[in-house]
Amino acid sequence: MTELQRTRPFRAPRPARAVGVLLLLGVVLAGCSGQKSSFHFEWDLFINSILQPDDQIKAGLVLTVVVSIAAQLIGVVLGIFAALGKMSKVRPIRWFANVYVWIFRGTPLIVQLVFFYYGLGVAKIYLWPDITIGPLTIEGAIQAGIFALGLNEGAYMAEIVRAGILAIDPGQMEAARALGMTPGKAMRRIVLPQAARVIIPPLGNEFNNMLKTTSLLFVLGVVELYNVFNIKQGQSFRPFELFLACAVWFLLLTTIWGFIQSWIERRLARGTPGAAAGGPGVRARMLSFRRPPIDASVVSGGR
Amino acid sequence: MTQIEETNLLDAIGGVPLASTANVVEVTDLHKWFGRNEVLKGISMMVKQREVVVVCGPSGSGKTTFIRCVNHLEKIQQGRIVVNGHLIGYREENGKLVADKERNIARQRQEIGMVFQRFNLFPHKTALGNIIEAPIQVRGVPEDEAIEMGRKLLARVGLAHKEEDYPAQLSGGQQQRVAIARALAMRPAVMLFDEPTSALDPEMIGEVLEVMKELAREGMTMIVVSHEMGFAREVADRIVMMDEGLIIEEGTPEHFFTNPQQERTKSFLSKIL
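Residues numbered from 1 in each chain as written. Chains lettered and ligands numbered in written order. Predicted model: local features only at pLDDT ≥ 70, side-chain atom pairs only at ≥ 80, totals over all residues. Heavy atoms only, no water.

1. Looking at the overall build of chain A
Counting its regular elements, chain A contains 13 helices and 2 strands. Counting only contacts in chain A whose residues sit at least 6 apart along the sequence, the fraction spanning at least 24 positions is 71%. (Helix = DSSP H or I, 4+ residues; strand = E, 2+ residues; numbered from the N terminus. Contact = heavy atoms within 4.5 Å.)

What follows is the structure, encoded as structure tokens:
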């Protein structure tokens, strides 16, 4: 449950607040540049990096988004299997899933990245050749990055999915099986769809993290959004303006994702009571709709 | 209270599902332990086609565990349970009982309807969606056929106007009636009721009991764990009294209410009536 409690639904900043923050930032920057220090803030460089991004920046943006989505998809699929594996009755499967989660949560992502790319390559286990699909060529480093990010993410998703499944009343599984469903079918048709509603909010937070974490791929030489700006500042030696612009880009990505996430959560909450505006929060509704309105005192009897 | 339509409930599923054997349920010498605690200490019970058996007894007597064993929601440690001619949960190999495959257990459960104390409707599906889920997914009934049957069933339990409602939008009594319809949609040879009214507000108990009485009158084979003695008196063919994991007395309602033999039965009845 801790995984669930920790996460909060994304709250998009109100436009007025956002504008205020930007104005304040402008004043501070103007103050800095106006002082006697020799540093001069190059407004043009900063503004143009955002309003008129060149092809490198655009390519970096696309790469960051594509890698994030691919790695997150891998992570979700692995997470579902690992969660089911952790709850399996078969001991070797449980053991395997536990070891997977243990290793990938217990070691730094950056170590996993360099191990899978350089480690496997140098050991001649897998050389990560470029893959060409039609007009598109995917560099080996990008493949390795997606692979390692996905594996790492799967370990975290496993705990989120498991918590989601455990949040579902065991009576649901019993009712499904009493109707003649096999455990697998009951899981797919009855338990997982309900768990999905519980999993979506923390999953959104994971993707928010993923968007930013892809910047670690620069250690493999992948030119994603962060690395684009890193290269630019190495050439122009304007780290202040360029990294600030880089931060704004990431902020933009995560903010847009925040809006998408709250839209998804609203859609998922349909069909549950209190879904109309003004009701309790999305998460509160999602967690409470499963509980039948029963007085706890009458549930106890029977055996 | 909702009026139940006069038409036959079981017509909706094509009449009374007939069992392939005279005894629909045969339980012999059933023992069940939870760890070191022996909850069922040798239960035997035969239930004939069209028979309605009400199981009662004080809290902790093992009656819910017993009914959950009948469709193998609980493993048993000794004895045998045969429903509609199939050994439940186990298969015989060289005279020994071994745990059966999940697939076989699931197939056997299709013939056993179960209604739970807490309804356990699927909250992500509508009332109709709850009813048609298993016929389509398990029995492979075509969707339009399942929907037609589901609508009939809903109408017969007095909820025709609620088919698009989600469980959370229904009252407890309505939810339990949907749950009964859901179990019936699989055309089970026997219906098990595990304290179907004890999670309900008093004013909703009647509407659920009405549906159950109608089922009993139409010839459904039923095992009902319940403290509703009015229901038992009216429709039970046999009342079984359990205490501390054993059946201590059984008989017709007449015998049970007018001439109980056991002291524990008398004291139980005096508390509950």
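2. What about the overall build of chain B?
Scanning chain B for helices and strands turns up 9 helices and 12 strands. Computed over its C-alpha atoms, the radius of gyration of chain B comes to 18 Å, within 12% of the 19 Å expected for a compact globule of 273 residues. Within the span of chain B, comprising 273 residues, buried residues form 60% of the whole. A sequence separation of at least 24 residues applies to 67% of the contacts in chain B between residues at least 6 apart. For chain B, the exposed surface amounts to about 11100 Å²; the carbon and sulfur share of it is 45%. If you average the places of the 32 positive and of the 38 negative side-chain charges in chain B, the two averages end up 6 Å apart. (Rg over C-alpha atoms; globule rule 2.2 N^0.38 Å. Buried < 20%, exposed > 50% of the residue type's maximum accessible area, 1.4 Å probe, protein only. Areas by Shrake-Rupley, 256 points an atom, 1.4 Å probe, with all protein chains shown as cover. Lys, Arg positive; Asp, Glu negative; His and termini not counted. Charge placed at Lys NZ, Arg CZ, Asp CG, Glu CD.)

3. Regarding the sheet that holds strand β1 (residues 23-34) of chain B
Residues and elements named next belong to chain B. Strand order in this open sheet of 4 strands is β2-β1-β4-β5, and the pairing throughout is antiparallel. Sheet topology places β2 (37-48) and β5 (86-87) at the edges, where each strand pairs with a single neighbour. Where β1 lies against β2, 9 bridges are found, and the strand directions are antiparallel. Bridged to His31 within β2 is Lys41. In the packing of helix α1 (residues 63-70) onto the sheet, contacts are made with β1, β2 and β4 (78-83), and the angle to β1 comes to roughly 120°. (Pairing = 2+ DSSP bridges. Axes fitted to C-alpha atoms, helices over the stretch in contact; angles between N-to-C directions.)

4. What to know about the sheet that holds strand β3 (residues 52-56) of chain B
Residues and elements named next belong to chain B. Read from one edge of the open sheet, 6 strands run β8-β9-β10-β3-β11-β12, paired in mixed fashion. Whereas interior strands pair on both sides, the edge strands pair on one side only; in this sheet they are β8 (112-115) and β12 (246-251). On average, adjacent strands in this sheet sit at an angle of 20° to one another, irrespective of strand direction. Taken together, the 5 bridges between strand β11 (residues 238-243) and β12 define a ladder with antiparallel strand orientation. For Val240, the partnering residue across the bridge sits in β12 and is Glu250. Each of β8 and β9 (190-194) touches helix α5 (residues 172-184); the most contacted strand, β8, lies at about 170° to it. Here helix α6 (residues 202-217) sits on the sheet in contact with β3, β9 and β10 (222-225), set at roughly 150° to β10.

5. Brief notes about the confidence of the model for chain B
Residues and elements named next belong to chain B. Put simply, chain B has an average pLDDT of 92, and 97% of its residues get 70 or more. The weakest mean pLDDT in chain B belongs to strand β7 (residues 96-99) at 86; the strongest belongs to α5 at 97. Under the prediction, the complex receives an ipTM of 0.92, its pTM being 0.80. (pLDDT = per-residue confidence, 0-100.)

6. Some words on unusual backbone geometry
One non-glycine residue, A:Phe237, lies in the positive phi region at around 50°. Owing to a relative accessible area of 65%, A:Phe237 belongs among the exposed residues under this scheme. The phi torsion at B:Glu195 lies on the positive side, around 45°, for a residue other than glycine. You can see B:Glu195 is positioned in the loop between β9 and α6.

7. Observations concerning the nonpolar core
As a rule of thumb, nonpolar side chains are buried together in soluble globular proteins. Residue and element names in this part refer to chain B. Core analysis: the biggest nonpolar cluster contains 55 residues, and Leu153, Ile180, Met191, Leu215 and Met222 have the highest contact counts within it. Top element by residues in this core is α6. It accounts for 8 residues. Excluding residues within four positions of it along the chain, Met191 makes contact with Gly113, Val115, Ile180, Ala183, Leu184, Leu215, Met220, Thr221, Met222 and Ile223. (Core = buried A, V, L, I, M, F, W, Y, C linked by side-chain atoms within 4.5 Å.)

8. Quick word on the packing of aromatic side chains
Two aromatic rings, taken as a pair, are described by how far apart their centres are and by the angle between their planes. Residues and elements named next belong to chain A. All told, the structure shown has 16 aromatic pairs over all chains when counted by the stated rule. Ring geometry for Tyr100 and Phe104: centres 5.3 Å apart, planes at 55°, overall tilted. One end of the pair, Tyr100, and the other, Phe104, are both in helix α5 (residues 91-106), 4 residues apart, so they sit about a helical turn from each other. Ring plane angle 85° and centroid distance 5.2 Å describe the contact between Phe116 and Phe147, whose orientation is recorded as edge-to-face. Of this pair, Phe116 sits in helix α6 (residues 109-122) while Phe147 sits in helix α7 (residues 140-166), and the two are 31 residues apart along the sequence. (Phe/Tyr/Trp six-rings, centres within 6.5 Å; stacked < 30°, edge-to-face > 60°.)

9. Some points on the interface of chain B and chain A
Reports of interface size often rely on the accessible area that becomes lost once the parts have come together. Taken residue by residue, the interface counts 42 residues in chain B and 32 residues in chain A. Contact with chain A buries surface across chain B, with B:Arg118, B:Pro123 and B:His124 losing the most and accounting together for 19% of the total. At the surface where chain B touches chain A, the tally comes to 4 salt bridges. Two residues, A:Lys89 and B:Glu102, come together in a salt bridge whose shortest N-O distance is 3.3 Å. Here chain B is connected to chain A by 8 residue pairs in polar contact (both at pLDDT 80 or more). Secondary structure elements with two or more residues in the side of chain B that touches chain A: β2, α1, α2 (102-109), β8, α3 (127-139) and α5 of chain B. A per-class count over the side of chain B that touches chain A returns 17 nonpolar, 15 polar and 10 charged. (Buried area = accessible area lost by both parts, 1.4 Å probe. Salt bridge = Lys/Arg side-chain N within 4 Å of Asp/Glu carboxyl O. Polar contact = N/O pair within 3.5 Å; in protein donor to acceptor, adjacent residues only side chain to side chain. Nonpolar A, V, L, I, M, F, W, Y, C, P; charged D, E, K, R; others polar.)

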